[in-house]
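# What the coordinates show
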Amino acid sequence: MSIDHDVLLFAVFPYVAFVLRQIVEIQRYAGRPFTFSSLSSQFLENRHHFWGSVPFHYGLLTVLAGHFVAFLVPRGILLWNGHPLRLYILELSAFVFGVLALVGIVNIILRRFFNPKLMVVTSVMDRVLFGVLFFQMLSGLSIAVFYRWGSSWYASAMSPYLWSLVTLRPDISFIAPMPLLVKFHVANAYLILALIPYSRLVHFLVAPFPYLWRRPQIVRWNYDRRRIRMEEPR
């Protein structure tokens, strides 16, 4: 008997990813609450950290907010897109923030993989996570370029599909005819959902939003570096 890959990826995998995330998150928080953070490496290197983390967070959160709004009020999005100028503004804004997120993740990857101090604290899961996020953002921007007016067809096709998952009556008829690139983008999103409890992405569950407007943290070294260099090891 042949296996319908669309059913596995878009009707089964979403629930598996969600349940796995919930169970592992609870276990991790109960057993290792300290790891419920971004495990920031800012104290090891700060300049490139800024050009990676800030664009990444602002771009990603804005794009996710747009997806969420289109999921909640698809008719409102279609009504907004009824005027060409408003459609252009929405599509261009989403693309700009998508590029911002991609620039951020590229800087994060370069910083992690080419700084010797950071390579030491970069785990295998970090490498997997950065790769998955990179391809998610790249595929999203590719969809915006090759399959235009995504906000409209997302509201008219993807939103009903996602609502069918929420109501526990998955209807893959909305996504089955979609291009392969779109299917990859959606399935990769479920993969990210499944990886959250195993990775540093769990930090978004611990009220991360003040991070976006808090004052920069400054680390001051309270010692005389010249004196320490001159001292002989005992």
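Scroll up for the structure.
All figures in this text were calculated on a predicted structure; none of them were measured in a lab.

This next bit is on unusual backbone geometry. You will see that Trp 149, though not glycine, has its phi angle at about 60 degrees, which is positive. Its location among the elements puts Trp 149 in the loop between α6 (124-146) and α7 (150-166). Of the residues examined, Trp 149 reaches a relative accessible area of 38% and is grouped as partly exposed. Phi at Leu 168 takes a positive value of approximately 65 degrees, unusual for a residue other than glycine. Mapped onto the fold, Leu 168 is located in the loop between α7 and α8 (180-195).

This paragraph deals with helix α1 (residues 5-31). With 27 residues, α1 ought to run about 39 Å at 1.5 Å a step, and its terminal C-alpha atoms sit 36 Å apart, in line with that. Of all the bends in α1, the largest measures some 45 degrees and sits at Phe 13, one to four residues before the proline Pro 14. Looking only at α1, the buried set comprises Asp 6, Phe 10, Ala 11, Pro 14, Ala 17, Arg 21, Val 24, Glu 25 and Arg 28. Tucked into the core, α1 has its buried residues touching α7 and α8. For α1, the N-terminal cap is Asp 4; the gap from its side-chain oxygen to the backbone nitrogen of Asp 6 is 3.0 Å.

As enumerated under the stated definition, the model contains five aromatic pairs in all. Ring centres of Phe 13 and Tyr 190 lie 6.4 Å apart, and the angle between their planes is 90 degrees; this geometry places the pair in the edge-to-face category. Placement of Phe 13 in helix α1 and of Tyr 190 in helix α8 is noted, with a sequence separation of 177 residues between them. The class of Tyr 190 is buried, set by a relative accessible area of 9%. Ring centres of Tyr 88 and Trp 149 lie 5.7 Å apart, and the angle between their planes is 45 degrees; on these two criteria the pair is classed as tilted. Of this pair, Tyr 88 sits in helix α4 (residues 84-114) while Trp 149 sits in the loop between α6 and α7, and the two are 61 residues apart along the sequence. On the basis of relative accessible area, Tyr 88 is assigned to the partly exposed category, the value being 47%. Taken together, Phe 68, Phe 71 and Trp 163 form an aromatic cluster joined through their ring pairs.

Further remarks concern the packing of α6 against α8. Running from N to C, α6 and α8 cross one another at 150 degrees; their axes reach a closest spacing of 9 Å. The angle between the axes of α6 and α8 places the two elements in the roughly antiparallel class. Read as a crossing pair, α6 and α8 show a hand that is left-handed. Of α8, the residues touching α6 (which contributes Met 125, Val 128, Val 132, Leu 133, Phe 135, Gln 136, Ser 139, Gly 140, Ser 142 and Ile 143) are Leu 181, Val 182, Phe 184, His 185, Asn 188, Ala 189, Leu 191, Ile 192 and Leu 195. Looking at the contact of α6 with α8 residue by residue, the class counts come to 13 nonpolar, six polar and no charged.

By the element assignment, Asn 188 lies in helix α8. On the accessibility criterion, Asn 188 (7% relative accessible area) is buried. Those residues in contact with Asn 188 that sit more than four places away from it in its chain are Val 132, Phe 135 and Gln 136.

The next point concerns a nonpolar patch on the surface. Taken together, the side chains of Phe 68, Val 69, Leu 72, Val 73, Trp 163 and Val 166 present a nonpolar region at the surface, about 530 Å² in accessible area. Of all the elements in the fold, those that place two or more residues in the nonpolar patch are α2 (47-72) and α7. Ranked by the residues each element gives to the nonpolar patch, the list is headed by α2, at three residues.

What follows deals with the pattern of salt bridges. Scanning the model with the defined rule gives one salt bridge in all. Across the pair Asp 6 and Lys 183 runs a salt bridge whose closest N-O atoms are separated by 3.3 Å. Linking Asp 6 in helix α1 with Lys 183 in helix α8, this pair joins segments that are 177 residues apart in sequence. Taken individually, Asp 6 and Lys 183 each receive the classification buried, so the pair is uniform in this respect.

How each quantity is defined
Residues numbered from 1 in each chain as written. Predicted model: local features only at pLDDT ≥ 70, side-chain atom pairs only at ≥ 80, totals over all residues. Heavy atoms only, no water. Helix = DSSP H or I, 4+ residues; strand = E, 2+ residues; numbered from the N terminus. Buried < 20%, exposed > 50% of the residue type's maximum accessible area, 1.4 Å probe, protein only. Expected span 1.5 Å × (residues − 1). Bend = angle between axes of the 7 residues up to and from the residue. Contact = heavy atoms within 4.5 Å. Polar contact = N/O pair within 3.5 Å; in protein donor to acceptor, adjacent residues only side chain to side chain. Phe/Tyr/Trp six-rings, centres within 6.5 Å; stacked < 30°, edge-to-face > 60°. Axes fitted to C-alpha atoms, helices over the stretch in contact; angles between N-to-C directions. Parallel < 35°, antiparallel > 145°, perpendicular 65-115°, else oblique. Left-handed = near helix turned anticlockwise from the far one by under 90°. Nonpolar A, V, L, I, M, F, W, Y, C, P; charged D, E, K, R; others polar. Patch = residues over 30% accessible without salt bridge, like charges linked within 9 Å, V, L, I, M, F, W, Y side chains within 5 Å. Areas by Shrake-Rupley, 256 points an atom, 1.4 Å probe, with all protein chains shown as cover. Salt bridge = Lys/Arg side-chain N within 4 Å of Asp/Glu carboxyl O.

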